[in-house]
Each structure stands twice: as C-alpha cells, then as structure tokens.
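Structural overview
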4 protein chains.
Amino acid sequence: MPDPAIQLFSVTAGSTEPIYRQLVEQVTRLVASGTLQPGQSMPSVRELAGALAVNPMTISKAYSLLETSGVLERQRGIGMLIAQHSNNTRKIDRRIELLTPTLNKLIFEANQLELDADTVIAQLTSMLKGPAQ
Amino acid sequence: MPDPAIQLFSVTAGSTEPIYRQLVEQVTRLVASGTLQPGQSMPSVRELAGALAVNPMTISKAYSLLETSGVLERQRGIGMLIAQHSNNTRKIDRRIELLTPTLNKLIFEANQLELDADTVIAQLTSMLKGPAQ
Amino acid sequence: MPDPAIQLFSVTAGSTEPIYRQLVEQVTRLVASGTLQPGQSMPSVRELAGALAVNPMTISKAYSLLETSGVLERQRGIGMLIAQHSNNTRKIDRRIELLTPTLNKLIFEANQLELDADTVIAQLTSMLKGPAQ
Amino acid sequence: MPDPAIQLFSVTAGSTEPIYRQLVEQVTRLVASGTLQPGQSMPSVRELAGALAVNPMTISKAYSLLETSGVLERQRGIGMLIAQHSNNTRKIDRRIELLTPTLNKLIFEANQLELDADTVIAQLTSMLKGPAQ
DNA sequence: GTGGTCTAGACCACT
DNA sequence: GTGGTCTAGACCACG
C-alpha cells in the first residue's frame, strides 16, 4: 500500500531550484506546520522516487540532509521517521522564521521596483484572499 | 569620470544566485522602476567589472542576456544603453509582474507552513513599516 | 559509444559567423526539418567540443541559447535534449519562416543589382538542380 | 545642395552586419548595376554621415575599403568618384557573381531544412512577383 | 557522468 | 575607447 503522505510532495523539474532542495524545504515546512507528525514514517526512497519520477539518489540526498539537520531520523530496517524531538512543531515563531528569507527577498525586490509598502500589501492580500489558491 | 550609475549595482559573491543573473534582475527592476531611464548609457563592461571586482566576461554575459530580453540595446563601438522602446518604465503592471514570482513563492511556502493570510500580511507589514530594515 | 548525431554538426572556424551561432542555427534548422527528433538527446558538451575541436564553453554557450529559445531542454545531471513541445517539427511554415531572412537578403541584393526576377530564379534553379553542388 | 545619390544608401543600425560593410556592399552592387556611373561623385563623408546618422569615421572606413578594391577613386580636393575603369558596369556575369554568396547561403540552409528545390523556388517566386516588395 | 560558473588573458571587430 | 569571441583550466552543483 502506498504511503498517503506522498501526495504532500511535489517537485518542479524545470525550476532553478534543485530537486533535492525543493524536497528538503518542503519536508521542513510540513514538519513545522504539524502536517507531518513526529514519529510518522516517510515514504521509502524508491516509492517517492517513483511517484515523483526522479532519480532515487536525489531522494536519498534529500533524506540525508534532513537527517543531518535533525528533521528526520533513520530507523534501521524500517526507514525514515519524522524526528521525535521536534519541539518545533506548530510553534509560530519557527514557522515565521522559515518564511523570513522569502519575505526579505520580496522586500528587496519591491524596493528596487519602487513599489511602496501599501501596494505590495494590497497585491499580496488580493492574491491570498482572492479567487483561488 | 566614472559612471555614477555604478553605485546602483551590487552583487553577492557567495550567493547561490549566479553573479550575472543577480545583475540581470537588478537592471531589469531598475529599468522597470524608472531609476534607469531609456537612452541612459550603462557603465562599460570593464568599468563595472572593476567596480564589482568580477571578471569582465561575467558582466558581458549579463549585458548579452539583457540585450536578448530587450532591456538593453547595444551601440556598436559605443557601449550599451537602456532600450528606448521602454514601454515598461514605471508602469505599475510591469512592476507587479516582476514581483509576482516571489509573491507566488511566498504564498506557496505560507500554505505549507499553515500560516494564514492575516499572519503573513501582519508579518510583512511590520517588516515593511517597522523601524529597522 | 559516441553519439551518432555528432556527424550532423560542422563549424567553420575562420568564418565571420561565431562558432556558437553557427551551432545554434544548425540545431534550429535540424530540429525544424525533423532530422533531430523531440526527446532525442544531444551530444554532451565535452563530447561535441572534442569532436569539433573547440572549447567546451563555446558549445555550452550555444546550448544555453538554444535552451533560452526553447529548442533544447536541460535535464539536470543528465544532459540536453530536443524540446518535447516541438510544434515546430517538419511544419512547412516553420521551415519557410527560418529561410525567410536569407530570402529577403537575396531579394534586397538582387534589387540593387537590378537583376530581374526571372534571372534570379533561373540562376537559383540551375544551382539547385544542376550537376554540381 | 545635398547629393541626390544619398537616397540610394541605407544602413540598419541593429543589424549583425557592420555598418561599414553594409555600405561597401551597397556601393559595390550599385556600381555593378550601373545605378552609380563611372566618374560620378560620391557624397562627402560628412554629408553621408549626417544623413545616415553614423560616425564619419565609419563612412571614411567604407570609402577607404572601396578605394582599395578599386571601386572608388580619390580626387584630391574634390572627393571620391566612382572609378573610371569600371569595366564591370552592368556586366551580367559580374552581377550574378555578387549575388552568388547569398545564393549559396540560401541553398545550404534549405538543405538543412529539407526544403526541396521546387518549394524554395516557389517561395522565392511568390516573394519576387507577389504583392509588394 | 552531466552542465554551469567564474577567472585570467589573448585577440578581434567596430566606431 | 567599446563589446564579442575564444581558450585553458579550475571548481561547483546535480543526479
């Protein structure tokens, strides 16, 4: 039976962002939000590689990095689990911290575009609360 | 006499973003905001390379891409200048269009973090209008 | 095993046309004619550079431009291949479109030479259908 | 009074073809066709430079090359004249010879596009005899 | 293995 | 003076 958590992940092949890093960041965010719970098992490398149509080594690289950063734990014979000591889960500060780099990027670009704060906020609001997405 | 426009540009050597692309995006934004005006001449390749302490070929690559995308025009034997047909200059739609990819990235990440619209907007507002930054 | 497609390419070092652009135009035409098929992989940069006796960066520059123009797609870690969405392949309109600049050049020159249409066509016909060439 | 021959020349700034070479080839063709007659005077460097909005040195370079190739003659105190010994004028072989490089280019490109002789000739015919030019 | 980036330096073409 | 092209070679990122 396929792991239902697989549906949480998606990668864009044509992106400038490397596939393994897309995965690393997605898992990190999903753990921080509590969507992935401590102790929960991750899909196997082969399973996820098949579902995303990428090279298994790419998945393996992402898992290794996540293990190094303490987000995942390797259970021999079982696979990868979300780390137990995730004291980060659903902490609002942690989640905002993860969003900060992109917020900074947004502000830098808005400055060079000479878009004022109100315009940026209005645009973001309409995209967040508008039709879909 | 050095071109005063040189001060507008800055690159981060250690970034994952290639230097030439940092330049391409900066110039694109500065033209869209009207900070760089149509007909204005760009610093020479060698001059900018010296100021940013990078290889002239790196600047040249950025200029070539900007010519391809229609932001710059090449005047043979003279140098590069901001393209004349700049229907882009200070048009608000154009500026928001350039900001959209980063806005989309922000929204995607906020969703995975399960941060609601109000929280994201509040955080952005405080960063935009707050004391520092 | 060397990629057999290598034989399709040839460059003239002494030409006024830069090597990288000779390659760009050749690949564009070979894709339009269907000689290179969508999904087919291109020779690696190093392989083609060796075969044509040019610097790998020259090949790389051509590939980058072809990616920008949508003729090639980059498969990271794998190589370059002919773009899939090749709505161009063997379409007669596309092929004539690629020939148009040279046709226009021919007509402009014939006009200045005061060579009438029949003379130009006769000359072209003999060169196309004659013994040599 | 401005030299009426000025109207015969035109240069495209954005072309890949250098301006001075556009001029050289145009003069060569106009002499071969007899549009410019032996003994006829060319516009002065400054006059032509002003009319075409290019650097006088560019015109001067073109004139020098045309003098070297025997198409123009320099008359001290008067300016440049079309060379007297133009035994080439209106000779059909000479005119076809000047058209040959472009004809060869056309054939090479048509081959790579796998456009057959009839298609190329049909297209050229419609462009030569069709609506306008 | 793949392509991408950058450097250092030479040489060329154009104005 | 300007930018463009190419080389040789190093190093990196990705799969």
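Look up a bit, the structure's there.
These figures come from a predicted structure and were not determined experimentally.

Comments concerning the overall build of chain A
- Secondary structure summary: chain A contains five helices and two strands in total.
- Taking the principal axes of the C-alpha coordinates as reference, chain A spans close to 55 × 35 × 30 Å.
- Looking at chain A as a whole, 41% of its 133 residues are labelled buried.
- Long-range contacts, defined as pairs at least 24 residues apart, comprise 57% of the intrachain contacts of chain A with a sequence gap of at least 6.
- Here chain A contributes 12 positively and 12 negatively charged side chains, and the mean placements of these two sets differ by 8 Å.

Details of the protein's contact with DNA strand F
- Neighbouring DNA strand F are 27 residues, the closest being Pro18 and Tyr20 of chain A, Met57 of chain B together with Ile19 and Tyr20 of chain C.
- Near the protein, within 4 Å, the atoms of DNA strand F are sugar or phosphate in 72% of cases.
- Residue Gly77 of chain B places a main-chain N or O atom 3.0 Å away from a base nitrogen belonging to DNA strand F.
- If you list the elements that add at least two residues to the surface near DNA strand F, you get helix H1 (19–32) of chain A, helix H2 (45–52) and helix H3 (56–68) of chain B together with helix H1 (19–32) and helix H3 (56–68) of chain C.
- When the residues that make up the surface near DNA strand F are grouped by side-chain class, the tally is 11 nonpolar, 10 polar and six charged.

Some details on the packing of aromatic side chains
- On inspection of all chains with the given rule, the structure shows zero aromatic pairs over all chains.
- Lying over the aromatic face of Tyr20 of chain D, Lys61 of chain D brings its terminal NZ or CZ to 4.4 Å of the ring centre.

Points about the interface of chain C and chain D
- Contact with chain C, which involves 42 residues of that partner, is made by 41 residues of chain D.
- Broken down residue by residue, the surface that chain C buries against chain D is led by Arg29, Gln112 and Leu113 of chain C, which jointly contribute 17%.
- Where chain C packs against chain D, one counts six salt bridges.
- Of the charged contacts, one joins Arg90 of chain C and Glu114 of chain D as a salt bridge, the two residues approaching to 2.8 Å between their closest N and O atoms.
- Between chain C and chain D we count 18 residue pairs in polar contact (both at pLDDT 80 or more) in total.
- Among the elements of the structure, H1, helix H4 (92–112) and helix H5 (117–129) of chain C are those that each provide at least two residues to the side of chain C that touches chain D.
- Looking at the side of chain C that touches chain D, the element that brings in the most residues is H4 of chain C, giving 17 residues.
- Partitioning the side of chain C that touches chain D into residue classes produces 20 nonpolar, 13 polar and nine charged.

Analysis parameters
- Residues numbered from 1 in each chain as written.
- Chains lettered and ligands numbered in written order.
- Predicted model: local features only at pLDDT ≥ 70, side-chain atom pairs only at ≥ 80, totals over all residues.
- Heavy atoms only, no water.
- Helix = DSSP H or I, 4+ residues; strand = E, 2+ residues; numbered from the N terminus.
- Buried < 20%, exposed > 50% of the residue type's maximum accessible area, 1.4 Å probe, protein only.
- Contact = heavy atoms within 4.5 Å.
- Lys, Arg positive; Asp, Glu negative; His and termini not counted.
- Charge placed at Lys NZ, Arg CZ, Asp CG, Glu CD.
- Near = heavy atom within 4 Å.
- Polar contact = N/O pair within 3.5 Å; in protein donor to acceptor, adjacent residues only side chain to side chain.
- Nonpolar A, V, L, I, M, F, W, Y, C, P; charged D, E, K, R; others polar.
- Phe/Tyr/Trp six-rings, centres within 6.5 Å; stacked < 30°, edge-to-face > 60°.
- Lys NZ or Arg CZ within 6 Å of the ring centre and 35° of its normal.
- Buried area = accessible area lost by both parts, 1.4 Å probe.
- Salt bridge = Lys/Arg side-chain N within 4 Å of Asp/Glu carboxyl O.

Spatial relationships are all this shows, so hold off on functional conclusions.
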